[in-house]
Amino acid sequence: MEFVLIAIAILLVGLVLGVSLLVGRGRRTTRLDDDAAAGTTLTRPRPPTPTTEAPPRPSGATASGMGTTAEPDAVSPEAPPEVELPPAAPEPGLVFETPPPSAGRLVRLRSRLARSQSNLGRGLLTVLARERLTEDDWEEVEETLLAADVGVAATQQIVDRLRTQSMVLATASGQELRQLLVRELTAVLGPDLDRSLGVDRHDGRPGIVLVVGVNGAGKTTTVGKIARVLVGDGKSVVLGAADTFRAAAADQLETWGERVGVLTVRGREGADPASVAFDAARTGTEGEVDTVVIDTAGRLHTKGGLMDELGKIKRVVEKVAPVTEVLLVLDATTGQNGVVQARVFTEAVTVTGVVLTKLDGTAKGGIVVSVQRELGIPVKLVGLGEGADDLAPFEPEAFAEALVGPAD
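What this report covers is the structure whose coordinates are included nearby. In this text the structure is predicted, and so the values were computed from the model without any measurement.

Cut-offs used in this document
- All residue numbers refer to positions counted from 1 along the written sequence of the respective chain.
- Only residues with pLDDT of 70 or above have their local features reported here, since the model is predicted, and side-chain atom pairs are shown and tallied only from 80 upward, although totals for entire chains, interfaces and linings are computed over all residues.
- Hydrogens and water molecules were not included; the side-chain quantities draw on all heavy atoms of the structure.
- Per the convention used, a helix needs a DSSP run of H or I reaching at least four residues, while a strand needs a run of E reaching at least two, with both numbered from the N terminus.
- Exposure classes here rest on a 1.4 Å probe applied to the protein chains alone. A residue is buried below 20% of its type maximum, exposed above 50%, and partly exposed in between.
- Contacts between residues were defined by any pair of non-hydrogen atoms, one from each residue, lying within 4.5 Å.
- For the accessible areas, the method is Shrake-Rupley and the probe is 1.4 Å, while residue cover comes only from the protein chains on display.
- Take the buried Ala, Val, Leu, Ile, Met, Phe, Trp, Tyr and Cys residues and link them wherever side-chain atoms come within 4.5 Å; each set so joined is a nonpolar core.
- Between N or O atoms, a polar contact is any pair within 3.5 Å; within protein, one atom must be a potential hydrogen donor and the other a potential acceptor, and residues adjacent in sequence are included only when both atoms are from side chains.
- Any two rings among Phe, Tyr and Trp, with Trp reduced to its six-membered ring, count as a pair given centres within 6.5 Å; such a pair is stacked if its planes are under 30 degrees apart, edge-to-face if over 60, and tilted if neither.
- Look at NZ for Lys and CZ for Arg. If either is within 6 Å of the ring centre and within 35 degrees of the ring normal, a charge sits over the ring.

Another point: the overall build of the chain. In terms of regular secondary structure, the chain is built from 14 helices and 8 strands. Within the span of the chain, comprising 408 residues, buried residues form 41% of the whole. Within the chain, counting contacts between residues at least 6 apart in sequence, those at least 24 apart form 77% of the total. As displayed, the chain has an accessible area near 23,100 Å², and 55% of this comes from carbon and sulfur atoms.

Let us look at the nonpolar core. As a rule of thumb, nonpolar side chains are buried together in soluble globular proteins. In terms of nonpolar packing, the biggest core is built from 96 residues, with Val293, Leu356 and Val368 touching the most fellow members. Beyond its immediate stretch of four places on either side in the chain, valine 368 contacts Leu189, Leu356, Leu359, Val379, Phe394 and Phe399.

What follows covers unusual backbone geometry. The backbone of glutamate 288 shows a phi angle near 55°, a positive value even though the residue is not glycine. If you trace the backbone, glutamate 288 turns up in the loop between helix H10 (273-286) and strand S4 (291-296). Residue classification places glutamate 288 among the exposed residues on the basis of a relative accessible area of 58%. Its identity is not glycine, yet lysine 358 carries a phi of approximately 60°, on the positive side. Overall, the relative accessible area of 36% leaves lysine 358 in the partly exposed class.

Positionally, lysine 380 belongs in strand S7 (residues 379-383). Here the side chain of lysine 380 touches serine 196 through a polar contact of 2.9 Å, landing on its backbone oxygen. Sequence-distant contacts of lysine 380, defined by excluding residues within four places in its chain, comprise Asp194, Arg195, Ser196, Leu197, Glu325, Leu327, Thr352, Gly353, Val354, Ala392, Pro393 and Phe394.

Before going further, it helps to spend a moment on the packing of aromatic side chains. A complete count under the given rule lists 1 aromatic pair for this structure. The positively charged end of arginine 259 is found above the aromatic ring belonging to tryptophan 256, 5.3 Å away from the centroid.

Structure follows, in structure tokens:
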């Protein structure tokens, strides 16, 4: 009896296990169907399709050129088409100007001295052409020379030399009188002074030109014009914008340089001027250019601190290369006040030459004589207009002839 009960229990357990297995399989199927209804799909992997081995391609064959069939699932990239680029053309606006050479500029610009000519040259010729010269006539000659800012010492020298030739003046023709006056004016203009600019390379380093001056004398414009003079003479140039106090100075100088293809080294506004000057000198040295021209901030000659800074700039620059030229820019319209300014600048730095600007706008052309005699510094360049190429090397005889005027 016990065996019967055990057998029945085993059957019941087996029946329960079989029912539970059937119920579990039904639930798994329902869950998959619910997932399918929600958008989930089950994809069977595609059975592998037999592939036929493609015959070897001959050397240099292409998929389209040899008639071979590409595999259906393979994508062969097409070779990019060859693109022919147009030849490089220069960018518009980069055509540099070609300034004229410096030789003979003053002769070409002599008509710009018309105002000085009318008051000095013609005034003297009018008096000296009189048949007999009295003391009043000689005083008139002196007044004419002094009014033109020739200076007391130079005026006395000219009058004394003319007095010794009074007998010649009495019988001289207009042409002879003109030649005599040109000769005497040339003599006081210092024809023997060295007016060459120190702008050439020396010992593998460029010539360094430091340009100084007071506010409003046209200093930055003069630096740009000096660059044009040098480029016109075939020299390579670097400009240094060390005037960091005036906001537009660096932009102005850079514009001048761009017109003739000259690099301008500049710093941020308010930077140390000596640092900018040093960078310009180093750039010119590394670039093996002929000349570096450095613009400095305009300063009043009465400001001691600013004048001392000029000495600092010169010392810093000379760590790279020696300063070969220091040009002082003076406004010719300031007259004798310009001489006072110049004297103070010479105490701060060793000025080697003077640039007289705005000489076409003054009736006092004799300022050239006064500056040279009182300072012992030659006038090397003169500005005779607002044009880009109106800066000319100073030539005493040509200047004297321009002051006297053409022969009648």
